[in-house]
Amino acid sequence: MGAGKVMGAEDVMGIEKLIEAVREGKASEVPELLQPLGAAERKAALPRLKELRTEVRSLDGIRPNEADRIRRALYVAGAGCHTGAAAAASWLGGRDLMPWRSEGSALALRAVGDRTPEWLAEVAGRLAARPAVAEQSYGMIRGLVERSGRPTPATDGYVLAWTREIGTVRHHAERPEGPTLLERLRRDPQSPVLLVHALSMPETPEPLTWAVPDDSPEHWPTAAVALVGEGVLDRAAVVDAAASRLLRGGRPRDLRFPMDVLRLVEPTPAEFLERVPDLVGMAADSPSTVAGYAQEALAGLAADGTLPTSALAEMTSAVLFRTEKKLVRAQLALVGRVLAREPGSADALLPAVAEAFGQEDTDLQGRALKLVDRHLPAVGASVRRELAERAGELSPTHRGSAAELFGAALGSQDVEPYEEILPPLPEPQPLAPPATTVEELVAELVVKRLSDDPVAFERALDGLVRHAHRDRTAVAEAVREAFPQPPWQHQTHYFTYATHGIHVVIAGLLRHLNPALVDLRRTEGHGSDACFHQTLSGVLDARLWEAADLVGTDALPFLLATPTGHTGVIDPLVLVERLREYRDAGVEPAPADLAQALVRVLRTAPTVVRAAEEAAALGTPAGTRLAAWLCQEPVGATVRFLPRDEDKALHRFWLMQRIVVDLGENPVVRAEFPPAFQWLGGALEATPRPCYHWVEGRAQWPPVLPADRELLAACLLQTLTHSVEGDARGATAPLTALAEADGPVGRAVHLALAFGLGCGDADDRLRAVDAVLVLAARGDLDARRLGTELAPLVAEGSVKPNRLADAARTAAATGAYGTVWSVFAAMLPEVLAAPKPVRGLGEVLAVAADCVERCGAGDGVAGLDALASGRGSTQLLVQARRLLTALRQGADHPLTETV
């Protein structure tokens, strides 16, 4: 029908039938109803479909199943009625229609069966270009591409969906007739394009990283290489894509697939030679496994005599700057072999070898110095002078040998008074005011994982409460627009076992919560055997359920507990003013909100006396409670260890089961605070309380107790042991906030730092190092006490020396050599006196010696003389002698003031 033709009764009836079918949720009938409609009729139906799309939102909280059926029909009808490719792609990619992208794709493809190949390809490309849409629209995009006959759109989102689709048909031993991964890839015409793209993706799709043996029929790298051998995949393209991805670096998980493919495809020496710059780059900056592979490949070229000397020199400088000892030793050995074969290359290679003079490890320094000594006669005068100058970087252990080698030309390090360098004091950051408009508020609410950022979370929560109090209807409508398909509508028990952060408050605003469940969760407390993970998380849960119950009512105009600073603390005068506003409005504070506000208020602020007086003058129960609270001293916590039982010492989490945290009695908390806060008053038994929960929400723990870091640290100890004794990661995430928090610093804080320095994960140790340095900069670190707490943990093997050495080396490298040595000076006597030699202690002594050489400390260490006098050349003995020598020389270099 032409665009200008007036629609007749039959045309109008066809449109009405279509709309009726959509309204009744009969998606399967939509394609047949679309067939007789021309472009004009379909265009005329669009406004009706859009109105219905808006209307169906009102059914979400009433008849969700009916709403789902209508949306599925809308998905199909909209695809068929939009004549423009851009508009059709926008409709198909709508967030509210997301659940039906896969289930409704077959019907939607039937609805667009009359479109041109160009139109189909354009819609496919637009959908594939949106990652989140592409992941959910695989069936639709693939169908469009196949019907158009156009090239496959290789985008990250589409490839991710494709790998999931291919990977879902698993080959099982009980079904030997099932197609293997190789067979599925071989018969898929899109494999050549998508597999090569998968190799280059920043984040490798999960199926490609599955831990399966190389000979498994579901091993992606093996299947990919088999396709290379069959000519299905272009070998050069595969090698290029894998090498380029490895060069860009990233998480080990994301590099595993290209690494395995490159390893299995076994590039020839000629292929390696074409990619020497890429291999040098991998050896320089990639994770150790990738760097090791590149080093071996380049070593093979060097053995063949085909690696240019300039490339070997560049590679050597880069590798010798790395911290992995295995790579450094292998590189020195490689250069030694090349120099033995080609003495004339010494001028180019020995300056690169001198990079190892700056290594922390004195053994590596010694190896490099011996290599230079062996080939020094072959270099010219200018290179000799350069090497002599670089030798000034050697530790005192090797200065004598260097002086014999270079004589007067040896570079000298100017001896200057030592200055301890600590990080600048963290500046207090005030919390920004809440969103000023509903639109700004909604933009904050839709952020994924909002709970991971406590500052943003508190700001968004306060903004939601404030705006809902002013205009609940407007906020509810805006939230419905932003959350068209909230998960709690489709998951009956969504809130039964978890609070899900701010989602529960949004659900309360929309009146989607069961009142009985709300009442239960608002008054929920903890048993006397609860773990601290449960108690800390329970405080936030109680606040959120309370807010979910009261949001949008006069009983909650704003939150009292919203922090004024980034650590979670509340200025006492600000809290007084908030209570005054509540009094003037005739509002009684909500129990959990007031309790959290009291726990957060800063009792060490200069204005605390004035605040207490003004709070008492309010003449309200809440004001009286605040005034009394401000005058109380924190109760704190006592931490002790049960005696070590050797029969149980091999238990994986025995350290965790020996910790006893005793929270002091606080009658005020027990009498006046709601159930979720009772544990802060001593309601928990002083017994070991192991925690085996899958721990989430750590970021929200420090803001619960921002004004009492000793108590907060005591609550973190059990969680930290998971990373000390097990393989958990992320346990030290709260330590930075702990270091910036307020309140006294005692045994619990220093134990938390000790555990953090002994964590198995390098990132966990790095966060612990940051916390140590921040506390030192604030003047709150007792370095000797930290060493005293570390001593028994290292002596008994709970904290591994290699982990501690790595953390200490990192801390010292920032300029805090004196601080690190103070820790070791207190720790070493007990460790050296341990009944059994502590394995790996040599690494700790190496770091300690480096600290003493840098800061000039001269205090003695009990037991060190006896150890250093022993016979042998193990690292332990070598480093003990080095440390002893440095301490004896340290009296000439007294410490200066910290800067």
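Residues numbered from 1 in each chain as written. Predicted model: local features only at pLDDT ≥ 70, side-chain atom pairs only at ≥ 80, totals over all residues. Heavy atoms only, no water.

## Here's the deal with the overall build of the protein chain
Looking only at helices and strands, the protein chain has 46 helices and 2 strands in total. For the protein chain, the proportion of its 899 residues judged to be buried stands at 54%. Nonlocal contacts in the protein chain, meaning residues at least 24 apart in sequence, comprise 73% of its contacts between residues at least 6 apart. Of the roughly 39,000 Å² of accessible surface on the protein chain, 53% is carried by carbon and sulfur atoms. One way to put it: in the protein chain the 94 positive side-chain charges average out to a point 3 Å from where the 118 negative ones average out. (Helix = DSSP H or I, 4+ residues; strand = E, 2+ residues; numbered from the N terminus. Buried < 20%, exposed > 50% of the residue type's maximum accessible area, 1.4 Å probe, protein only. Contact = heavy atoms within 4.5 Å. Areas by Shrake-Rupley, 256 points an atom, 1.4 Å probe, with all protein chains shown as cover. Lys, Arg positive; Asp, Glu negative; His and termini not counted. Charge placed at Lys NZ, Arg CZ, Asp CG, Glu CD.)

## Observations concerning the confidence of the model for the protein chain
Mean pLDDT over the protein chain works out to 90, with 93% of the residues at or above the 70 mark. Confidence over residues 171–175 falls short of pLDDT 50; this stretch has 8 contacts with residues more than four positions distant or in other chains. Here residues 895–899 is a poorly scored stretch, pLDDT under 50, and it has 13 contacts once near neighbours within four places are set aside; other chains count. (pLDDT = per-residue confidence, 0-100.)

## Comments concerning the packing of aromatic side chains
Evaluation of the coordinates by the stated rule reveals 8 aromatic pairs. Judged by centre distance (5.9 Å) and plane angle (75°), the ring pair of Trp-162 and Trp-220 falls under edge-to-face. With a gap of 58 residues between them, Trp-162 in helix H11 (residues 156–168) and Trp-220 in helix H14 (residues 220–230) connect regions that are remote in the sequence. Of the two residues examined, Trp-162 and Trp-220, each falls in the buried class. Measuring from ring centre to ring centre gives 6.1 Å for Phe-495 and Trp-545, while their planes differ by 80°; the resulting arrangement is edge-to-face. Remark: Trp-545 occurs in helix H31 (residues 532–550) and Phe-495 occurs in the loop between helix H28 (472–482) and helix H29 (503–509); sequence separation between them is 50 residues. The class of Trp-545 is buried, set by a relative accessible area of 0%. One aromatic cluster is present, formed by Trp-629, Phe-673 and Phe-677 through successive ring pairs. Directly above the ring of Trp-91 sits Arg-53, whose terminal nitrogen or CZ lies 4.7 Å from the centroid. Directly above the ring of Trp-119 sits Arg-115, whose terminal nitrogen or CZ lies 4.5 Å from the centroid. (Phe/Tyr/Trp six-rings, centres within 6.5 Å; stacked < 30°, edge-to-face > 60°. Lys NZ or Arg CZ within 6 Å of the ring centre and 35° of its normal.)

## Considerations on the pattern of salt bridges
Inspection of the entire model under this criterion finds 55 salt bridges. Ionic pairing is found between Asp-764 and Arg-767, a salt bridge with its closest N-O pair at 2.7 Å. Here the residue Asp-764 and the residue Arg-767 both occupy positions in helix H40 (residues 762–777), the gap between them amounting to 3 residues, near one helical turn. By relative accessible area, which is 0% here, Asp-764 ends up buried. Among the ionic contacts, a cluster of salt bridges with common partners joins Glu-577, Arg-580, Arg-610 and Glu-614. (Salt bridge = Lys/Arg side-chain N within 4 Å of Asp/Glu carboxyl O.)

## With respect to the side chain of Arg-578
As for its placement among the helices and strands, Arg-578 is situated in helix H32 (residues 572–585). Those residues within four positions of Arg-578 in sequence are excluded, and the remaining contacts are Phe-558, Leu-559, Leu-560, Ala-561, Thr-562, Pro-563, Thr-564 and Ile-570.

## Section: the environment of Ala-408
Assignment of secondary structure puts Ala-408 in the loop between helix H25 (396–406) and helix H26 (438–445). On a C-alpha basis, the gap between Ala-408 and Phe-257 in space is 53 Å, while along the polypeptide they are 151 residues apart.

## What to know about the side chain of Arg-765
Counting through the fold element by element, Arg-765 comes out in helix H40. A relative accessible area of 10% means that Arg-765 is categorised as buried. The residues contacting Arg-765, other than those within four sequence positions of it, are Gly-756, Leu-757, Cys-759, Gly-760, Arg-803, Asp-806 and Ala-807.

## Digging into the pairing of strand S2 (residues 659–663)
Here S2 lies mainly inside the structure; 4 of its 5 residues are buried. Taken together, the 5 bridges between strand S1 (residues 637–641) and S2 define a ladder with antiparallel strand orientation. When the sheet's bridge partners are listed, Arg-640 is paired in S2 with Val-660. (Pairing = 2+ DSSP bridges.)

## Remarks on helix H41 (residues 783–795)
With 13 residues, H41 should cover 18 Å at 1.5 Å per step; its first-to-last C-alpha distance of 18 Å lies within 8% of that length. Among all positions of H41, only Ala-783, Leu-786, Gly-787, Glu-789, Leu-790, Ala-791, Leu-793 and Val-794 are buried. Gly-797 sits one or two residues past H41 and shows a positive phi near 90°. (Expected span 1.5 Å × (residues − 1).)

## Remarks on the packing of helix H13 (residues 191–200) against helix H15 (residues 235–248)
For any two helices packed against each other, one specifies the inter-axial angle together with the distance between the axes. Look at H13 against H15: their axes get within 7 Å of each other, and the N-to-C directions meet at 20°. When the interaxial angle is binned, H13 and H15 end up roughly parallel. Pair H13 / H15 crosses with right-handed handedness. Here Val-196, Leu-199 and Ser-200 of H13 come into contact with H15, specifically with Ala-237, Val-238, Ala-241, Ala-242, Arg-245 and Arg-248. Grouping the constituent residues of the contact of H13 with H15 by class yields 6 nonpolar, 1 polar and 2 charged. (Axes fitted to C-alpha atoms, helices over the stretch in contact; angles between N-to-C directions. Parallel < 35°, antiparallel > 145°, perpendicular 65-115°, else oblique. Left-handed = near helix turned anticlockwise from the far one by under 90°. Nonpolar A, V, L, I, M, F, W, Y, C, P; charged D, E, K, R; others polar.)

## Things to note about the packing of H15 against helix H18 (residues 276–285)
Running from N to C, H15 and H18 point in directions that differ by 35°, and their axes come no closer than 8 Å. Both H15 and H18 take part in a crossing whose hand is left-handed. Residues Ala-243, Leu-246 and Leu-247 of H15 touch H18, and the partners they reach there are Asp-278, Gly-281 and Met-282. Its residues assigned to classes, the contact of H15 with H18 comprises 4 nonpolar, 1 polar and 1 charged.

## Re unusual backbone geometry
In this model, Glu-266 sits at a positive phi of 50°, which is unusual for a non-glycine residue. Take Glu-266: it is sitting in the loop between helix H16 (252–265) and helix H17 (269–274). For Arg-511, which is not glycine, the phi dihedral falls at a positive 60°. Within the fold, Arg-511 resides in the loop between H29 and helix H30 (515–522). On the basis of relative accessibility, which here comes to 64%, the residue Arg-511 falls in the exposed class.

## Description of the nonpolar core
The biggest cluster of nonpolar side chains holds 168 residues, and the ones touching the most others in it are Trp-679, Leu-705, Trp-821, Phe-824, Met-827, Leu-828 and Leu-883. Of all the elements, H31 adds the most residues to this core, at 10 residues. In contact with Leu-883, not counting residues within four places along its chain, are Trp-821, Leu-828, Leu-845, Ala-848, Ala-849, Val-852 and Leu-864. Within the second largest apolar cluster, 132 residues are counted, among which are Ala-124, Ala-311, Ala-356 and Ala-388. (Core = buried A, V, L, I, M, F, W, Y, C linked by side-chain atoms within 4.5 Å.)

## So, helix H34 (residues 608–617)
Residues of H34 that are buried: Val-608, Ala-611, Ala-612 and Ala-615. End-on view of H34: buried residues confined to an arc of 100°, all on one side of the axis. Exposed residues pointing more than 90 degrees away from the buried face of H34 are listed as Val-609, Glu-613 and Ala-617. On its buried side, H34 packs onto H32 and helix H35 (621–630). (Arc of directions from axis to C-beta.)

## Notes on the environment of Ala-825
The residue Ala-825 is located in helix H43 (residues 817–832) in this model. Its relative accessible area of 8% is what places Ala-825 among the buried residues. Along the chain, Ala-825 and Arg-784 lie 41 residues apart, while their C-alpha atoms are 7.4 Å from each other. When residues no more than four places from it in sequence are discounted, the contact partners of Ala-825 are Arg-784 and Asp-859.

## Some thoughts on the environment of Leu-405
When you line up the elements, Leu-405 lands in helix H25. C-alpha of Leu-405 to C-alpha of Val-379: the two residues are 26 residues apart in sequence and 14 Å apart in space. Setting aside its immediate chain neighbours within four residues, Leu-405 contacts Leu-369, Val-372, Asp-373, Leu-376 and Arg-384.

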